[in-house]
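# Working through the structure, step by step
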Amino acid sequence: MMWSPPATLFLLLLLGQAPPSRPQSLVAMKLRLVGPEGRPAEGRLEVLHQGQWGSVCDDNFALQEATVACRQLGFESALTWAHSAKYGPGKGPIWLDNVRCVGTESSLDQCGSNGWGVSDCSHSEDVGVVCHPQRQRGYLSEKVSNALGPQGQRLEEVRLKPILASAKRRSPITEGALEVRYEGHWRQVCDQGWTRNNSRVVCGMLGFPSDAPVDSHYYRKVWNSKMKDPTSRLQSLTKKNSFWIHRVNCLGTEPHMANCQVQVAPAKGKLQPACPGGMHAVVSCVAGPHFRPPKAKPRRKEAQAEETRVRLRSGAQVGEGRVEVLMNRQWGTVCDHGWNLISASVVCRELGFGSAREVLFGARLGQGLGPIHLSEVRCRGYERTLSDCPSLEGSKNGCQHENDAAVRCNIPNMGFQNQVRLAGGRSPAEGVVEVQVEVNGVRRWGSVCSDHWGLTEAMVACRQLGLGFANHAIKDTWYWQGTPGAGEVVMSGVRCSGTELALQQCQRHGPVHCSHGTGRFSAGVSCTDSAPDLVMNAQLVQETAYLEDRPLSLLYCAHEENCLSQSADRMEWPYGHRRLLRFSSQIHNLGRADFRPKTGRHGWIWHQCHRHYHSIEVFTHYDLLTLNGSKVAEGHKASFCLEDTNCPTGLQRRYACANFGEQGVTVGCWDTYRHDIDCQWVDITDVGPGDYIFQVVVNPKNEVAESDFSNNMMRCRCKYDGQRVWLHNCHTAASILS
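A few points on the structure.

Reading guide: rules and limits
- Residues numbered from 1 in each chain as written.
- Predicted model: local features only at pLDDT ≥ 70, side-chain atom pairs only at ≥ 80, totals over all residues.
- Heavy atoms only, no water.
- Buried < 20%, exposed > 50% of the residue type's maximum accessible area, 1.4 Å probe, protein only.
- Helix = DSSP H or I, 4+ residues; strand = E, 2+ residues; numbered from the N terminus.
- Contact = heavy atoms within 4.5 Å.
- Disulfide = S-S within 2.5 Å.
- Core = buried A, V, L, I, M, F, W, Y, C linked by side-chain atoms within 4.5 Å.
- Phe/Tyr/Trp six-rings, centres within 6.5 Å; stacked < 30°, edge-to-face > 60°.
- Pairing = 2+ DSSP bridges.
- Axes fitted to C-alpha atoms, helices over the stretch in contact; angles between N-to-C directions.
- Salt bridge = Lys/Arg side-chain N within 4 Å of Asp/Glu carboxyl O.

## Examining helix 5 (residues 196-205)
For helix 5, the tally of buried residues reaches eight of ten residues, placing the bulk of the element in the interior. Each element contacted by the buried residues of helix 5 is listed here: strand 8 (155-161), strand 9 (175-182), strand 11 (210-212), strand 13 (247-249), strand 15 (282-286) and helix 9 (341-350). Of the residues flanking the end of helix 5, it is glycine 207, one or two places downstream, whose phi is positive at about 95 degrees.

## Examining the state of the cysteines
What the rule picks out here adds up to 15 disulfides. One disulfide bridge connects cysteine 190 with cysteine 275, the sulfur atoms lying 2.0 Å from each other. Across the disulfide from cysteine 190 to cysteine 275, rotation about the S-S bond amounts to roughly 70 degrees, and the bridge is consequently right-handed. Of the two residues, cysteine 190 sits in the loop between strand 10 (185-189) and helix 5 while cysteine 275 sits in the loop between strand 14 (261-263) and strand 15, which places them 85 residues apart along the sequence. In this structure, cysteine 190 and cysteine 275 share a single accessibility class: buried. Two residues share a disulfide in this structure: cysteine 647 and cysteine 669, whose sulfurs sit 2.0 Å from each other. With the S-S dihedral at roughly 105 degrees, the linkage between cysteine 647 and cysteine 669 falls on the right-handed side.

## Topic: helix 2 (residues 63-72)
Counting buried positions along helix 2 gives seven out of ten residues, so the element sits mostly inside the fold. Residues Glu65, Ala66, Thr67, Val68, Ala69, Cys70 and Gln72 constitute the buried set of helix 2. The inward-facing, buried residues of helix 2 abut strand 1 (30-34), strand 2 (42-49), strand 4 (78-82) and strand 6 (128-131). Positive phi appears at glycine 74, one or two residues downstream of helix 2, with a value of about 100 degrees.

## Notes on the nonpolar core
Of all hydrophobic cores here, the largest spans 57 residues; its most connected members are Leu178, Met257 and Leu386. If one sorts the elements of this core by residue count, helix 9 sits on top with five residues. Ignoring sequence-local partners within four residues, the contact set of methionine 257 consists of Leu155, Val158, Leu178, Val180, Trp194, Val201, Val202, Met205, Val248 and Val262. Counting 31 residues, the second-largest nonpolar core is a separate cluster that includes Phe595, Phe619, Val687 and Val725.

## Observations concerning the packing of aromatic side chains
The final tally for this structure, using the stated rule, is ten aromatic pairs. Each ring, one from phenylalanine 243 and one from tryptophan 244, has its centre 5.0 Å from the other, and the planes form 90 degrees; the classification is edge-to-face. Neither phenylalanine 243 nor tryptophan 244 differs from the other in exposure class; each is buried. Seen in terms of ring centroids, phenylalanine 583 and phenylalanine 694 are 5.0 Å apart; in terms of plane orientation they differ by 75 degrees. Their pairing is edge-to-face.

## Side note on the sheet that holds strand 31 (residues 577-582)
Pairing is antiparallel across the open sheet formed by three strands, whose spatial order is 30-31-38. Each end of this open sheet is capped by a strand with a single partner; those strands are strand 30 (546-551) and strand 38 (681-683). The sheet shows a mean angle of 35 degrees between the axes of neighbouring strands, direction not considered. Sheet topology places strand 31 next to strand 38; three bridges connect them, and they run antiparallel. Within strand 38, the residue paired with leucine 580 across the bridge is aspartate 683.

## Focus on the pattern of salt bridges
According to the stated counting rule, one finds 27 salt bridges in the structure shown. With a closest N to O distance of 3.1 Å, arginine 408 and glutamate 358 form a salt bridge. Taken together, the residues span a long stretch of sequence, with arginine 408 in strand 22 (residues 406-409) and glutamate 358 in strand 19 (residues 356-360) at a distance of 50 residues. With a relative accessible area of 4%, glutamate 358 lands in the buried category.

## Digging into the pairing of strand 24 (residues 430-439)
With eight of ten residues buried, strand 24 lies mostly within the body of the structure. Summarising the sheet, strand 23 (residues 420-424) and strand 24 pair through five bridges and their orientation is antiparallel. Its bridge partner being in strand 24, alanine 423 is matched across the sheet by valine 432. Between strand 23 and strand 24, which follow one another and run antiparallel, lie five residues. Where strand 24 lies against strand 28 (residues 524-528), three bridges are found, and the strand directions are antiparallel. Residue pairing across strands places glycine 431 opposite valine 525, the latter belonging to strand 28.

What follows is the structure, given as structure tokens:
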């Protein structure tokens, strides 16, 4: 039924008065739901206007208005609405009344209403909404800054100012006087009423999982001695209320201090001292294992005992990634239904980071594999592990991998980002790598020798720079002009494992030795904030494996491309046959960027026998191993046709090999190599009966950058009786606890 304008509208027009209209705004208004803890999809509906949050009256409010509000908040739809202040009365203004939506609007400010603040309601009529917990596909993340009210816009950040000499020498700084940036200026916090809960929130913001007790008696002695020092400005500064934050009261579960009760000045006015007889609050934090000095790391037995059952995958930076949990010896993902900053902070602290600064929805950091273990995770904030939090089974809640949840955690400032830079590139994300190291007791900038420089080292450099993943590791940088005075090689023989936070933590030569010398052979990188992620479909391999005795007369081209075991060289061609373990492979790109060959078409190699180009000479390794890991047979596959064989509904195929077309695999699509094409096998002619491990490795030389190399390997148990073969328990190496 269409809404028809009432007679009063025409009367208003005749009198020259404006009718009820839409709130005018250049940008969509901000909304929030104030409701039960751990239930982000329901609560009292509040609107931000002129820097102040206010409620919405329930007059004329119905499902279509609730639907518009829920969609604006990032949910798929509304389940219902609640009248008469079901979620409690608000305290600020009642900003909107008689809201009227059609239901197709993208935000509430496109709906009609009485106008801002025009209402005859009381807070007993505040409306609430209940949204469907599933997030919209386009809704990407919730940051700490999104969750804060006007106070959060003023309480910007915190830092620790070390007082002890030993604390000043530490990196990162874990203990010191707390300072809070408030409205652009740094203030001290009064220690009166300060609690360990407050310290826990501060430590979380600074990237630390927990706090530690402080020797307050010692710090009081230091404070008193400074107050008595006539040369110190402290005595005069402490008399100014602008020097202090008066009171802080946190529960300990908040992701940011602005979520706590913060009283900047005394309640009785500015004339009352803000911290009479008190001193600055001192906070001591405990660094996670990634950020401790080497001598402080736990012993191996302790580390094994504390092995976590949660991990982050495919993140561009340390402390971020898709959340995966280990259940029943199998890794699986977490659904983003109900995912919020409090639950994400439990994950971050469990992994040795601080609290969560952003939660991400809709598989923003790539889709996972295997089961979806958890959904509707509702942590209270003090749980030691995510498994301690109430949750539902993801498989029973309609979740798909497109709903995989992710997180970005607060991490400590180690200062590493200030010890590396790029120079000479066409953009800030590429150039010659220049590092700062200590040479003869003096810190100086210089270049890195490109000997042994590869994608793993480049990945560490890009992460240290805060630029994400490495696109390319560049060994020849003559076309990039480095910084004048920083051309000398100060680091050589760099070999990284890939987990380091900085190049300075990688293995390298003691005395610098670079066979190429300086100049054109300095190491360089090209970085990107997104990368592909190739994963083999293990189930398809298991279902399609079989044996074939193939005549040599049909294997000339395969022999030319080294797809047979070496014993084939000694056979009397074309007589005889080879026993081949055949299978189909389907390689999915689950990342956030297309997978493209390292070289363009000009660098592809033509193979006359099969009459096609190889865009990557070794795209996959196929191996048969003994149970103790010794190789007994091998094969390899060149990417003669890297294309989108299939894509899910709604995605367009972009790459096809026909007519010398562009090669690659689009995000979300997959490339299939059928079992009946050449080289899609392992030659097991020389293998005797027994139990083996069948292994496939995609992108084995890490020639093309990916967000996660740990899932490039797939393994199956293989039983061969001399005539038949069985593959079972096929899985990607990163999906099952070994």
